[in-house]
Each structure stands twice: as C-alpha cells, then as structure tokens.
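# Observations on the model geometry
Next come the chains, spelled out residue by residue.
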Amino acid sequence: MPPDALLTGIAVLTLLSGLSDDGPLLVAVDDAQWLDRGSLDALAFAARRLESERLVLLLGARGNVGPAGFDRTSPSCYCSR
C-alpha cells in the first residue's frame, strides 16, 4: 500500500514547524528536478502552509519550468530557475 500523501505532508509540515520554533530556519533543496513526485508534493503541501512560521524554503532546479507544485509567488518559498 502506498504512503498516504496527506499524512506525509502533515508530517513534513509538523517537522519543519517544530524546527522553526527554535529560531529562523532555512531549508534549501538543490536539484529539485531530481526529487520524486511524493517528496515534491510533501514539500509543496508544507510550503503552502508555512506563512506564519519563521521559515524559508529555497528550491533550486534546472530547466525553464519550476518543480511541480511550486510557483514563483508561493509566500514561503522562493523558486529560482
């Protein structure tokens, strides 16, 4: 049975939120184009809900299109191409 995407997203969100309680946090993901779809979905789920946290998610990916689930206007995420 495949992992539940919602539970995985909530787990990532809870982990990142807890880590940012100790102070500002930068999460950097390089070569995001190589991440599997489940990992991208979990990060995108968390990124959409991190507005009130002291956390920035920085994604780097090759190509002309950003990683699936992310766009340049995500409030807690800066996606650079």
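Residues numbered from 1 in each chain as written. Predicted model: local features only at pLDDT ≥ 70, side-chain atom pairs only at ≥ 80, totals over all residues. Heavy atoms only, no water.

## Some thoughts on the environment of Trp34
Note the threshold: Think of it this way: any DSSP run of H or I at least four residues long counts as a helix, any run of E at least two long counts as a strand, and we number them from the N terminus.
Along the chain, Trp34 turns up in the loop between strand E1 (25–29) and helix H2 (37–47). Considered as a pair, Trp34 and Arg62 are 28 residues apart in the sequence and their alpha carbons are 9.4 Å apart.

## Some details on the packing of helix H1 (residues 5–20) against H2
Definition in use: Lines fitted to C-alpha atoms define the axes here, with helix axes fitted over just the stretch in contact, and angles between the N-to-C directions of these axes take values from 0 to 180 degrees. By the definition adopted for this analysis, an angle is roughly parallel if under 35 degrees, roughly antiparallel if over 145, roughly perpendicular if from 65 to 115, and oblique otherwise. Less than a right angle of anticlockwise turn of the near helix away from the far helix marks a crossing as left-handed, whereas a clockwise turn marks it as right-handed. Here, two residues are considered to be in contact whenever any of their heavy atoms come within 4.5 Å of each other. As a working rule, the residues Ala, Val, Leu, Ile, Met, Phe, Trp, Tyr, Cys and Pro are called nonpolar, Asp, Glu, Lys and Arg charged, and the rest polar, with Gly in that last group.
In contact at an axis separation of 8 Å, H1 and H2 are set at 55 degrees when each is read in the N-to-C sense. In terms of orientation, H1 and H2 fall into the oblique class. Judged by the twist between their axes, the crossing of H1 over H2 is right-handed. Contact with H1, carried on its side by Leu6, Thr8, Gly9, Ile10, Val12, Leu13 and Leu16, involves Ala42, Leu43, Phe45 and Ala46 of H2 and no other residues of that element. Taken together, the residues of the contact of H1 with H2 sort by class into 9 nonpolar, 2 polar and no charged.

## A closer look at the nonpolar core
Put simply, the rule is: Residues belong to a common nonpolar core when they are buried Ala, Val, Leu, Ile, Met, Phe, Trp, Tyr or Cys residues joined through side-chain atoms within 4.5 Å. Each residue's exposure class comes from its accessible area (1.4 Å probe, protein chains only) as a fraction of the maximum for that residue type: buried when under 20%, exposed when over 50%, partly exposed otherwise.
Leu16, Val27, Val29, Leu50, Leu57 and Phe70 are the most contacted members of the largest nonpolar core, which has 17 residues in total. Counting only elements with at least two residues in this core, the list comes to H1, E1, H2 and strand E2 (55–60). Ignoring sequence-local partners within four residues, the contact set of Leu16 consists of Leu25, Val27, Ala46, Leu50 and Leu55.

## Topic: H2
Three or four residues apart is the spacing at which side chains of an α-helix point the same way, because the helix has 3.6 residues per turn. Worth spelling out the cut-off: Polar contact is defined as a pair of N or O atoms within 3.5 Å, subject to the rule that within protein one atom must be able to donate a hydrogen and the other to accept it, and that residues adjacent in sequence are counted only when both atoms are side-chain atoms.
Of all the positions in H2, only Leu40, Ala42, Leu43, Ala44, Phe45, Ala46 and Ala47 are classed as buried. A side-chain oxygen of the first residue of H2 lies 3.2 Å from the backbone nitrogen of Gly38; this N-cap is Asp36.

## Brief notes about the side chain of Ser20
Structurally, the position occupied by Ser20 is in helix H1. Not counting residues within four places of it along the chain, the set of residues in contact with Ser20 comprises Leu25, Glu53, Arg54 and Leu55.

## Thoughts on a nonpolar patch on the surface
Formally: Nonpolar side chains (Val, Leu, Ile, Met, Phe, Trp, Tyr) within 5 Å and like charges within 9 Å form the patches, drawn only from residues with over 30% relative accessible area and no salt bridge. Surface accessibility in these figures is a Shrake-Rupley result with a 1.4 Å probe; residues are shielded only by whichever protein chains are displayed. By salt bridge we mean one thing: a side-chain nitrogen of Lys or Arg within 4 Å of a carboxyl oxygen of Asp or Glu.
The grouping of Leu6, Leu7 and Ile10 at the surface amounts to a nonpolar patch, some 290 Å² of accessible area in total. Taking relative accessible area as the criterion, Ile10 reaches 37% and is therefore assigned partly exposed.

## A few points about the confidence of the model for the protein
Here is the rule we go by: A residue's pLDDT is the predictor's confidence in that residue, given on a scale from 0 to 100.
Per-chain confidence: the protein averages 84 in pLDDT, with 86% of residues scoring 70 or above. The lowest-confidence element of the protein is strand E3 (residues 77–80), averaging 53 in pLDDT; the highest-confidence one is H1, averaging 94.

## Notes on the pairing of E1
Going by this rule: DSSP calls a pair of strands paired once it identifies at least 2 bridges connecting them. A crossover counts as right-handed when, viewed with the strands pointing away from the observer, the path leading from the first strand over the helix to the second turns clockwise.
Here E1 pairs with E2 via 5 bridges, running parallel. Note that in E2 the partner of Leu26 across the bridge is Val56. As for the winding sense of the linkage, the β-α-β connection from E1 through H2 to E2 is right-handed.

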